[in-house]
Number of protein chains: 2
Amino acid sequence: MNGPVIILVQPQIGENIGIAARAMLNCGLTELRLVAPRENWPNEKADRAAVGAFELMAPVKVFDVTRDAVADLTHVFATTARDRKMAKAVLHPREAARQSHAQLARGAKVGYLFGPERAGLENDDLTLADSLVNVPLNPAFSSLNLGQAVLLMAYEFYQIALDLEPARLDLHGSLPATKAELLNFFNHFERALEECGFLRNEAQRPTMVRNLRNMWQRAYLTEQEVRTMHGIVKELTTLRQNGVKNSKM
Amino acid sequence: MNGPVIILVQPQIGENIGIAARAMLNCGLTELRLVAPRENWPNEKADRAAVGAFELMAPVKVFDVTRDAVADLTHVFATTARDRKMAKAVLHPREAARQSHAQLARGAKVGYLFGPERAGLENDDLTLADSLVNVPLNPAFSSLNLGQAVLLMAYEFYQIALDLEPARLDLHGSLPATKAELLNFFNHFERALEECGFLRNEAQRPTMVRNLRNMWQRAYLTEQEVRTMHGIVKELTTLRQNGVKNSKM
C-alpha cells in the first residue's frame, strides 16, 4: 500500500520516534522522515521502542529543515493541538484520511507533519502545509503524546482503506440454525415446560412462550447449539424418569 | 459525560497503566479498574506516565478477579488481537463505540476489557463479554501496545459523541441483566446440568460450559428473562422431586 509519508519535526525523545514507527507499521505506513532530531540518529532507544518495525520499513531519512523534508511531496497535512491563527482548513483526522486516499489515488505524494513533543509545529512549518489537522479531544485534557498522535492519524488512514465491516459473527465453521431447526427446538422446549408445569398459567402462557422464543432468537443459535439444547432438555426429562425409577427400587 | 469503564486485566507494567489513563482522559473517560496488576498499586511509574490524569479521574478500583470487576456492568466489550474460536460477534472499534453510545443512552453500564500486554485476555474473561472487538491492523505487524489499544477504543468512543445515533434494541422498559445476575444464573443452570448428568464427560466439560455461557451472553438477557430462566430451571428440578414423591404414593 502506498500511504502518506510521516514527518517528525525536531523530535526530542528517541523512544517516541520508535513508538511512532511501530504505530506507522501497525497501519501499513513505511516511510518515516525526521527533521533535525535532538538525539543522534540512528538511535538505540528508538530501535528498542520500535520492536522491529524499522526492519520492515523504508530506510528513515533525516533532513536539516522541514522545507527539504517536504520538497518532493504534493500534499501536506500538518497536525496541530492548539488553535492556530491561520487561514487554512482545519480537518478531522478522518477527513484528512479521506482526502489522502483521494490524493494518492490520483498520483499525489502525501505527507503528515508532526511537531516537537512540547511546542508543536512552528508557524513557518504550518505555512508549508495544505491543511491543518486537529484531533478533537477532551478540552480539559487534550495533550497527546507524539506516538499517539501518529497512531491516530495512521489508524484513520488505514481504516479508510478497509471497507468497514461493522460486525461479523464468527461461527468458526458452525452453521447458523435454520428456522425449521429453531421451531423444532422451541416445540421440544415448550413441551418440557408444559410437562413440568411451568406453563400452568393459561392466561400468561402465550406471552410467556413468545417472550422465550424471542430470547432464543436473539441468541442467534448455531445448528450445534440447537443440538446441544435438545440434549439438555432431553436429559433433564430422562433424569426425571430415572429419578422415578430409582425411587421405585 | 458518562462513558465506558476501562478494565485492564493483569496489566504487567505500571507505566502502561499511566499511559492508558492519559489516553482515557484525553477522550473524556474517567473510570479505570484494574484486575490483579502485577506491580503494586498505587504505582509511581503509572503516576508519572499519566501526567496528571489520575487527579482528574474517579479513584482507580482494584479487583482480584475479572468476574468481580464486571459484576455491576450490563454490557462488556472484550478487546482481542488474535482470532479466538468463540461464537461471539467481532466488532470494529467504531461499531463498538456506536453500540456503547446506544447502550449508555438507555441506562446500561458499559465496560471495555483489555488483557495483559503479551498474552491478551484468557478465554474465561472473553466468556464474560457480550462482544469481542478487534482493531484491523497491518497483518504483517499487528501487535499494539496496551496504552495504544486503550487510546483507539477511547478515541472512537469520543468521536462518536460528536455525531450520535439512537438506540437500536428496544427492551420496552426492561433493564439488561447485570453480569452478576448472569453469572448467578449460569451457576444455577450449570448446577442443574451437573445434577442431571449432562456434564458427565469431564474432558469436554469446560468447553461445554464455556460454549453455553457464550450462547446465553449472545441472547442479551434482560433482568426479567434471567428471573424467568431461574424459574424454569427451578421448576424442572422441583418437578423431578415431585415425580419421585408421586411415584412413592
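Please refer to the structure higher up on the page.
Calculation notes
Residues numbered from 1 in each chain as written. Chains lettered and ligands numbered in written order. Predicted model: local features only at pLDDT ≥ 70, side-chain atom pairs only at ≥ 80, totals over all residues. Heavy atoms only, no water. Core = buried A, V, L, I, M, F, W, Y, C linked by side-chain atoms within 4.5 Å. Buried < 20%, exposed > 50% of the residue type's maximum accessible area, 1.4 Å probe, protein only. Contact = heavy atoms within 4.5 Å. Helix = DSSP H or I, 4+ residues; strand = E, 2+ residues; numbered from the N terminus. Expected span 1.5 Å × (residues − 1). Salt bridge = Lys/Arg side-chain N within 4 Å of Asp/Glu carboxyl O.

**Notes on the nonpolar core**
In step 1: Counting 82 residues, the largest nonpolar core has Leu8(A), Leu32(A), Leu8(B) and Leu32(B) as its most contacted members.
In step 2: In contact with Leu8(B), not counting residues within four places along its chain, are Ile17(B), Ala20(B), Leu32(B), Arg33(B), Leu34(B), Val35(B), Phe114(B), Leu146(B) and Val150(B).
In step 3: In terms of nonpolar packing, the next biggest core, distinct from the first, is built from 61 residues, Cys196(A), Met229(B), Ile232(B) and Leu236(B) among them.

**Considering helix α1 (residues 14-26) of chain B**
Residues and elements named next belong to chain B.
In step 1: Taking 1.5 Å per residue, 13 residues should reach 18 Å; α1 reaches 19 Å between its end C-alpha atoms and fits that length.
In step 2: In terms of burial, α1 is largely enclosed, as 11 of its 13 residues are buried.
In step 3: Taken as a whole, α1 has its buried residues at Gly14, Asn16, Ile17, Gly18, Ala20, Ala21, Arg22, Ala23, Met24, Leu25 and Asn26.
In step 4: Downstream of α1 by one or two residues, Gly28 has phi in the positive range, about 75 degrees.

**Considerations on the pattern of salt bridges**
In step 1: Under the counting rule described, the total for this entry stands at 23 salt bridges over all chains.
In step 2: A salt bridge links Glu39(A) to Lys45(A); the shortest N-O distance between them is 3.2 Å.
In step 3: A relative accessible area of 22% means that Glu39(A) is categorised as partly exposed.
In step 4: Its salt-bridge partner being Arg94(B), residue Glu156(A) comes within 3.1 Å of it at the nearest N-O pair. Placement of the pair is Glu156(A) in helix α6 (residues 146-161) and Arg94(B) in helix α4 (residues 93-105), with the two residues belonging to separate chains. This pair shows no difference in class: Glu156(A) is buried, exactly as Arg94(B) is.

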